[in-house]
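Chain and residue survey
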Amino acid sequence: MVEHLTELRKRLIWILVVLALAMIGGFFAAKPIIVYLMNTEPASSIVGLNTFSPWDAIRLYMQFSFAIGLVVTLPFTLTQIWLFVKPGLYEHERKATLRYIPGAAILFLLGLAFAYFVVFPMAFYFTSTVTKSLNLTETYGAAQYFSFMFNILIPMALLFELPVVVMFLTKLRILNPSRLKKIRRYAYLVLVIVATIVTPPDFISDILVAVPMIFLYEASIALSARVYKKQQEHDAQWLAETSEA
């Protein structure tokens, strides 16, 4: 147990070091990204973004440096997780799970794209409509605007990791397709609740977000079944060889 905890601590330290270095690089790359986002919809529809504190500009840089660092560090983080569980895997399992890392990175980027181009505009325009309906003046702070954006983007991007996480846990024999099917109704409920939280409270927006998330869950079950089937075939082959021996 002590050896495992020591190994885990070492992996976590490396992840934090790489994240810190990526955040430093992200700090210098933040300005052109902020300027670009401020000149595209929906930010460009706002009549000027304001700052309400001397620290708001620094806060913006920190938000973007963390987001950039998180994206850049993701493949390294997944690799460290793989290295931590690697000693407990068979050789063919090591090769199979290593292939999950590029897929996880791609799904994370797809989740960011879906959240930014679909979910975030719906949420922003809905809140803007409610504000105008109350005859309130829309005066937005830049830090508050981008905080609102990141609170939608990051959770959605992490949710898109579901298929890879399920496949990985199936490979470790922690999950299996039958177990996922048993908890399907509860999983649907949780996904619908999440979709309702991150979107405006209207039926169409909830459906537009809930359906892709449910599709991801069903895809996770199908991928888990594929991995589980290969495990069963390997176990059957091993038993046959052992019996013959």
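Quick note: structure is the one above.
Numbers given for residues are sequential positions, taken from 1 along each chain in its written order. Residue-level local features of this predicted model are given only where pLDDT is at least 70; pairs of side-chain atoms are given and counted only at 80 or more, and the full residue set underlies all totals for whole chains, interfaces and linings. Side-chain numbers come from the whole structure's heavy atoms, not from hydrogens or water.

Quick word on the overall build of the chain
The line we're drawing: Strands are runs of DSSP state E lasting at least 2 residues, helices are runs of H or I lasting at least 4, and numbering of each runs from the N terminus. Per-residue accessibility, obtained with a 1.4 Å probe over protein chains only, is compared with the maximum for each type, and a residue is labelled buried under 20%, exposed over 50%, and partly exposed between these values. Any two residues whose heavy atoms approach within 4.5 Å at even a single point are treated as in contact.
Assigned secondary structure in the chain consists of 9 helices and 0 strands. Secondary structure of the chain in N-to-C order comes out as α-α-α-α-α-α-α-α-α. With respect to the principal axes defined by its C-alpha atoms, the chain has extents near 80 × 40 × 30 Å. Within the chain, the proportion of its 245 residues that are buried is 39%. For the chain, the share of sequence-separated contacts (at least 6 apart) that also reach a separation of at least 24 residues comes to 85%.

A closer look at the side chain of S224
Inspection of the secondary structure puts S224 in helix 9 (residues 203-244). Beyond its immediate sequence surroundings of up to four residues, S224 is in contact with V166, T170, N176, P177 and L180.

Considering the side chain of T170
For clarity, the threshold we go by: Any pair of nitrogen or oxygen atoms within 3.5 Å is treated as a polar contact; in protein, a donor-acceptor pairing is required on top of that, and neighbouring residues in sequence qualify only through side-chain atoms on both sides.
Positionally, T170 belongs in helix 6 (residues 162-171). Relative accessible area serves as the criterion here: at 0%, T170 is assigned to the buried category. Within polar-contact distance, the side chain of T170 engages the backbone oxygen of V166 at 2.7 Å. Residues in contact with T170, not counting those within four places in the same chain, are L175, S224, V227, Y228 and Q231.

Let's talk about the packing of helix 2 (residues 56-85) against helix 5 (residues 142-159)
Selection criterion: A fitted line through C-alpha atoms serves as each axis, taken over the contacting stretch for helices, and the angle formed by two N-to-C directions is quoted from 0 to 180°. Convention used here: angles under 35 degrees read as roughly parallel, angles over 145 as roughly antiparallel, angles from 65 to 115 as roughly perpendicular, and any remaining angle as oblique. Two helices cross in a left-handed way if the nearer one is turned anticlockwise from the farther one by less than a right angle. They cross in a right-handed way if the turn is clockwise.
Where helix 2 meets helix 5, the axes come as close as 9 Å, and the angle between the chain directions of the two elements is 20°. Judged by the angle between their axes, helix 2 and helix 5 are roughly parallel. The chirality of how helix 2 crosses helix 5 is left-handed. Contacts between helix 2 and helix 5 involve D56, R59, L60, Q63, F64, A67 and L70 from the former and A142, A143, Q144, F146, S147, M149, F150 and I154 from the latter.

Details of helix 2
Just so we agree on the cut-off: To estimate how far a helix should reach, multiply one less than its number of residues by 1.5 Å. In this analysis the local bend is the angle between axes fitted, respectively, to the seven residues ending at and the seven residues starting at the residue.
End to end, helix 2 covers 41 Å across 30 residues, agreeing with the expected 44 Å (1.5 Å per residue, within 8%). Of all the bends found along helix 2, the most pronounced is centred on T73 and spans about 45°, while P75, a proline, follows it within four residues.

As for helix 4 (residues 100-133)
Its 34 residues place the ends of helix 4 47 Å apart at the C-alpha level, agreeing with the 50 Å of an ideal helix rising 1.5 Å per residue. Most pronounced at A115, the bend in helix 4 amounts to some 40°.

Brief notes about a nonpolar patch on the surface
Let me state the cut-off plainly: Each patch is built from residues lacking any salt bridge and having more than 30% relative accessible area; the joining distance is 9 Å for like charges and 5 Å for nonpolar side chains (Val, Leu, Ile, Met, Phe, Trp, Tyr). Each accessible area is a Shrake-Rupley result for a 1.4 Å probe, and residues are judged covered by the shown protein chains and nothing else. Salt bridge criterion: a side-chain nitrogen from Lys or Arg within 4 Å of a carboxyl oxygen from Asp or Glu.
On the surface, I13, W14, V17, L21, I24, F27, F28, W55, I58 and M62 cluster together to form a nonpolar patch covering roughly 1,100 Å² of accessible area. Mapped by element, the contributors of at least two residues to the nonpolar patch are helix 1 (2-38) and helix 2. If you tally residues by element for the nonpolar patch, the top one is helix 1, at 7 residues. With respect to the helices and strands, the residue W55 is situated in the loop between helix 1 and helix 2.

Observations concerning the environment of F124
Note that F124 resides in helix 4. A residue is classified by how much of its surface remains accessible, and F124, at 3% relative accessible area, is buried. For the pair F124 and F148, spaced 24 residues apart in sequence, the C-alpha separation works out to 8.7 Å.

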